[in-house]
Amino acid sequence: MMQRLEQLEKVIERAAEHLQNLEREREELLAALEEQKKLVQAKELELIRLRKEQQRMVEQQERETIQLKKERAQVEQKLTELVARFERFRAGEPGANSGNR
């Protein structure tokens, strides 16, 4: 009977040790999970920041494109006016030397 009690105590001790090991492992895994959650949150914030920065860059490029189109239209208009003045000058029309310069 004593031998059975000793065996039972050993089984209980091993089970208790195993349970403690499992609890320790669980705590370690929970801590690792929290670290991973923090890492994911940081990456999500970085992704949001990068998307906003990209959107700002796209908007800036669109503004620059619009400005360049306006400038091109102005240059083309001035060129058209110069060509017209040149043609009038060649034709000897009066007033060809006056106007916008």
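Described below are features of the structure shown in this document.

Cut-offs used in this document
- Residues numbered from 1 in each chain as written.
- Predicted model: local features only at pLDDT ≥ 70, side-chain atom pairs only at ≥ 80, totals over all residues.
- Heavy atoms only, no water.
- Patch = residues over 30% accessible without salt bridge, like charges linked within 9 Å, V, L, I, M, F, W, Y side chains within 5 Å.
- Areas by Shrake-Rupley, 256 points an atom, 1.4 Å probe, with all protein chains shown as cover.
- Salt bridge = Lys/Arg side-chain N within 4 Å of Asp/Glu carboxyl O.
- Helix = DSSP H or I, 4+ residues; strand = E, 2+ residues; numbered from the N terminus.
- Expected span 1.5 Å × (residues − 1).
- Lys, Arg positive; Asp, Glu negative; His and termini not counted.
- Charge placed at Lys NZ, Arg CZ, Asp CG, Glu CD.
- Buried < 20%, exposed > 50% of the residue type's maximum accessible area, 1.4 Å probe, protein only.

1. Concerning a nonpolar patch on the surface
Move 1: A contiguous nonpolar patch, built from Met1, Met2, Leu5, Leu8 and Ile12 and spanning about 590 Å² of accessible area, is present on the exposed surface.
Move 2: Here Ile12 lies in helix H1 (residues 2-91).

2. Notes on H1
An α-helical turn contains 3.6 residues, so any two residues separated by three or four positions project in the same direction.
Move 1: With 90 residues, H1 ought to run about 134 Å at 1.5 Å a step, and its terminal C-alpha atoms sit 131 Å apart, in line with that.
Move 2: One or two steps after H1, the chain reaches Gly92, where phi turns positive at roughly 80°.

3. A word on a negative patch on the surface
Move 1: Residues Glu6, Glu9, Glu13 and Glu17 make up a contiguous surface patch of negative charge.
Move 2: By secondary structure assignment, the location of Glu9 is in helix H1.

4. Looking at the pattern of salt bridges
Move 1: In the structure shown here, the tally under the stated rule is 5 salt bridges.
Move 2: Across the salt bridge formed by Glu34 and Lys37, the nearest N and O atoms sit 3.7 Å from each other. Pair noted here: Glu34 and Lys37 are both in helix H1, with a separation of 3 residues, about one helical turn.
Move 3: Judged by relative accessible area, Glu34 falls into the partly exposed class, the value being 39%.
Move 4: Residue Glu76 is joined to Arg72 by a salt bridge in which the shortest nitrogen-to-oxygen separation is 3.0 Å. Within this pair, Glu76 and its partner Arg72 are both found in helix H1, separated by 4 residues, close to a single helical turn.
Move 5: You can call Glu76 partly exposed: its relative accessible area is 41%.

Geometric values such as these leave the question of function open.
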